[in-house]
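Observations on the model geometry
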Amino acid sequence: MSDTPPESGPDAGAGIRRLPMPEFVAMLATLFAIIAFSIDAMLPALPQIAAELVPNDVNRAQLILTSFVLGMGVGTLFAGPISDATGRKIAITGGFALYIIGAVLAWRAQSIEMLLLARFLQGLGAAGPRIVSLALIRDLYQGREMARVTSFVMMIFILIPAVAPSIGAVVIAVTGWRGIFGAFIVFGLIGVLWLNLRQPETLPPAKRRPLTVVSLAAAAREVLADREVRVYTVVMTLGFGQMFAVLSSAQQLFSETYGRGDSFPLWFAAMALLAGTGSILNAKLVVRLGMRRIAVMAYMMQTLVSAVMLGLALTGALPAWAEFPAFFFWVTSVFFMAGITFGNLNALALQRMGHIAGMAASIVAAVSTILAVVIAAPLGLMFDGTAMPLIVGVLVCSAIAWVLMRRTVTTG
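Source: prediction; values computed, not measured.

Once that is clear, we can look at the overall build of the protein. Regarding its fold elements, the protein presents 14 helices and zero strands. Listing the helices and strands of the protein from first to last along the sequence gives α-α-α-α-α-α-α-α-α-α-α-α-α-α. Across the protein, every contact between residues at least 6 apart in sequence was considered, and the portion connecting residues at least 24 apart equals 87%. Split by element, the accessible area of the protein, about 17,100 Å² in all, is 70% carbon and sulfur.

Rendered as structure tokens:
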């Protein structure tokens with residue numbers, strides 16, 4: 001890869017010293033990987049945490065995932081504007097500081113309440129690298145070269161859920177469930193040191209914008225006043241909500257319902273790899289079919305697949321040997337659909353917000369992530385030893401998303 005983008009100029013990092021592109025991509029992929037690892041590596045730890053901290057209410061252990069997501073959603077609202085005011089490196093470094101403090105508190109937690117609070121703090125900090133890394137890319141690259149860099153980063157990011165549970169299982173087997181937070185601390189330190197020792201600041205003081213309540217409020221009003229943006233934000237909320245609900249219940253379903261607890265990391269890896277092809281397929285089709293059309297078709301198919309799965313579960317039509325393969329196909333389809341739709345929905349939501357893209361991105365991401373927890377947490381807590389509550393929840397979310405998408409008019 002070349003170090004010099006073909007499309008450079010005042011808006012594409014002109015005059016800013018930059019890392020060689022291979023190292024730049026590797027660094028950003030590491031930052032994104034830490035966030036993904038913080039969610040998926042926890043899955044093998046949930047049974048041990050439940051047995052130690054909530055033996056009489058094991059479903060509450062699922063909140064360890066949704067509390068992290070909630071914190072990340074709240075932090076997302078402020079991470080972008082803070083980086084516009086202070087610079088990219090300071091914002092990411094501050095986020096990692098909160099993330100590491102949260103990991104230390106989680107490591108020492110003696111109650112589920114303290115653990116949930118620590119995970120919320122971790123998520124709050126994770127919003128820094130999650131949002132500001134994208135702004136850092138935009139500072140240096142634009143057009144085709146920006147898309148190229150982002151694609152390389154996302155390709156690596158997609159692979160992390162495939163290996164995170166296996167890595168987490170190894171760490172837990174050696175150190176117990178608390179050791180996984182030690183791994184988070186190590187990875188966080190690697191990310192923040194790499195950033196600060198190698199990456200020059202990409203937002204010079206002359207281009208920074210003051211962070212004020214007035215500017216935040218004005219951007220929020222403009223974003224939320226646009227009907228199309230509201231609809232796409234609600235659709236993203238439904239998509240995130242059903243995905244986080246499936247993720248929260250995955251370990252219990254594979255282990256308790258289908259007896260695949262020992263091989264869960266391998267099944268999860270296979271599911272992640274298969275679902276990751278959704279992003280690749282979308283990249284091939286989106287220019288020809290358009291973002292909105294692909295999203296409409298994806299939610300229509302998810303609604304139909306979930307309806308069939310619900311019918312099979314209610315009637316008991318499947319023989320015993322086919323129950324797990326059917327479940328695996330269905331749960332993989334949920335993540336595959338996320339890979340196809342989320343990038344398109346973000347682009348559609350911001351299509352008319354180019355003049356306040358940073359603020360708008362933070363607001364849309366924050367609202368959709370926070371409200372997704374309102375969907376995911378109750379669905380996860382409804383686990384009754386079967387996949388039925390989850391199937392119903394995904395069916396309802398996908399059907400509503402499909403109806404809403406058909407009523408939108410923005411094309412792209």
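Let's pick the thread back up.
By size, the foremost hydrophobic cluster in this structure holds 131 residues, and its most contacted members are Phe24, Met42, Leu115, Phe184, Phe327, Trp330 and Leu345. Contact partners of Leu345, with chain neighbours within four places excluded, come to Tyr232, Val235, Met236, Ala295, Tyr299 and Met405.

Right, let's talk about a nonpolar patch on the surface for a bit. On the surface, a nonpolar cluster with roughly 330 Å² of combined accessible area is contributed by Ile101, Leu105, Met114 and Leu117. Of all the elements in the fold, those that place two or more residues in the nonpolar patch are helix H4 (88-108) and helix H5 (112-140). Following the sequence through the fold, Leu105 ends up in helix H4.

Right, let's talk about helix H12 (residues 320-350) for a bit. With 31 residues, H12 extends 47 Å between its outermost C-alpha atoms, agreeing within 8% with the 45 Å of an ideal straight helix rising 1.5 Å per residue. The sharpest bend along H12 reaches about 35 degrees and sits at Thr341.

Here we take up the pattern of salt bridges. Applying the stated criterion across every chain, the model contains five salt bridges. A salt bridge links Glu113 to Arg60, with the shortest nitrogen-to-oxygen separation between them at 3.3 Å. With Glu113 in helix H5 and Arg60 in the loop between helix H2 (46-53) and helix H3 (63-86), this pair connects stretches of sequence that are 53 residues apart. Glu228 is the salt-bridge partner of Arg227, the closest N and O atoms lying 3.1 Å from each other.

Within the fold, Ser333 resides in helix H12. A relative accessible area of 14% means that Ser333 is categorised as buried. A distance of 3.5 Å separates polar atoms of two side chains, one belonging to Ser333 and the other to Gln302.

Structurally, Leu281 is set in helix H10 (residues 264-289). We classify Leu281 as partly exposed; its relative accessible area is 34%. In this structure the C-alpha to C-alpha distance between Leu281 and Phe336, which are 55 residues apart in sequence, comes to 9.8 Å. Residue contacts for Leu281: discarding those within four places in its chain leaves Phe336 and Ile340.

Here Thr369 shows up in helix H13 (residues 357-381). The contacts of Thr369, once residues within four sequence positions are left out, are Val69, Gly73 and Arg130.

So, on to the environment of Gly385. Among the secondary structure elements, Gly385 is positioned in the loop between H13 and helix H14 (388-406). In the structure, Gly385 is positioned 127 residues away from Tyr258 in sequence and 9.5 Å away in space, judged by C-alpha atoms.

Look at helix H7 (residues 179-198): 29 Å from first C-alpha to last across 20 residues, which is about the 28 Å you get at 1.5 Å a residue. Those residues of H7 lying buried are Gly179, Ile180, Phe181, Gly182, Ala183, Phe184, Ile185, Gly188, Gly191, Val192 and Leu195.

Moving on: the packing of H10 against H12. Close contact between H10 and H12 brings their axes to 8 Å; oriented N to C, the two are set at 40 degrees. Every pair of crossing elements has a handedness; the one defined by H10 and H12 is right-handed. Contact with H10, carried on its side by Trp267, Ala270, Met271, Leu274, Ala275, Thr277, Gly278, Ser279, Leu281, Asn282 and Val286, involves Phe324, Phe328, Val331, Thr332, Phe335, Phe336, Gly339, Ile340 and Asn344 of H12 and no other residues of that element.

So, about the confidence of the model for the protein. Here the protein shows a mean pLDDT of 85. Residues at 70 or above account for 90%. Across residues 1-11, where pLDDT falls below 50, the model places 29 contacts with residues more than four positions away in sequence or in other chains.

For the structure shown, the criterion picks out 19 aromatic pairs. Pairing Phe37 with Phe184 gives two aromatic rings, centres 5.8 Å apart and planes at 90 degrees, and the pair type is edge-to-face. With Phe37 in helix H1 (residues 21-40) and Phe184 in helix H7, the pair connects residues that are 147 residues apart, well separated along the chain. Ring plane angle 65 degrees and centroid distance 5.2 Å describe the contact between Trp267 and Phe328, whose orientation is recorded as edge-to-face. Within this pair, whereas Trp267 is found in helix H10, its partner Phe328 is found in helix H12, the two being separated by 61 residues in sequence. The exposure class of Phe328 is buried, given its relative accessible area of 12%.

The next subject is the packing of H5 against H7. Interhelical geometry of H5 versus H7 gives an angle of 25 degrees and a closest axis separation of 13 Å. Between H5 and H7, the interaxial angle falls into the category roughly parallel. The element H5 and its partner H7 pack so that their crossing is left-handed. Listed contacts from H7 to Leu115, Arg119, Gln122 and Leu136 of H5 are Phe181, Phe184 and Leu195. Residue classes in the contact of H5 with H7 are distributed as five nonpolar, one polar and one charged.

The subject of this paragraph is the environment of Thr386. Within the fold, Thr386 resides in the loop between H13 and H14. Judged by its relative accessible area of 35%, Thr386 is partly exposed. Between the C-alpha atoms of Thr386 and Ala313, which are 73 residues apart in sequence, the distance is 9.6 Å. Non-local contacts of Thr386, meaning those with residues more than four positions away in its chain, are made with Leu253 and Thr257. Here Asp384 takes part through its side chain, which lies 2.8 Å from a polar atom of the side chain of Thr386. Polar side-chain contacts of Thr386 include one of 3.2 Å to the backbone nitrogen of Met388.

Cut-offs applied
Residues numbered from 1 in each chain as written. Predicted model: local features only at pLDDT ≥ 70, side-chain atom pairs only at ≥ 80, totals over all residues. Heavy atoms only, no water. Helix = DSSP H or I, 4+ residues; strand = E, 2+ residues; numbered from the N terminus. Contact = heavy atoms within 4.5 Å. Areas by Shrake-Rupley, 256 points an atom, 1.4 Å probe, with all protein chains shown as cover. Core = buried A, V, L, I, M, F, W, Y, C linked by side-chain atoms within 4.5 Å. Buried < 20%, exposed > 50% of the residue type's maximum accessible area, 1.4 Å probe, protein only. Patch = residues over 30% accessible without salt bridge, like charges linked within 9 Å, V, L, I, M, F, W, Y side chains within 5 Å. Salt bridge = Lys/Arg side-chain N within 4 Å of Asp/Glu carboxyl O. Expected span 1.5 Å × (residues − 1). Bend = angle between axes of the 7 residues up to and from the residue. Polar contact = N/O pair within 3.5 Å; in protein donor to acceptor, adjacent residues only side chain to side chain. Axes fitted to C-alpha atoms, helices over the stretch in contact; angles between N-to-C directions. Left-handed = near helix turned anticlockwise from the far one by under 90°. pLDDT = per-residue confidence, 0-100. Phe/Tyr/Trp six-rings, centres within 6.5 Å; stacked < 30°, edge-to-face > 60°. Parallel < 35°, antiparallel > 145°, perpendicular 65-115°, else oblique. Nonpolar A, V, L, I, M, F, W, Y, C, P; charged D, E, K, R; others polar.

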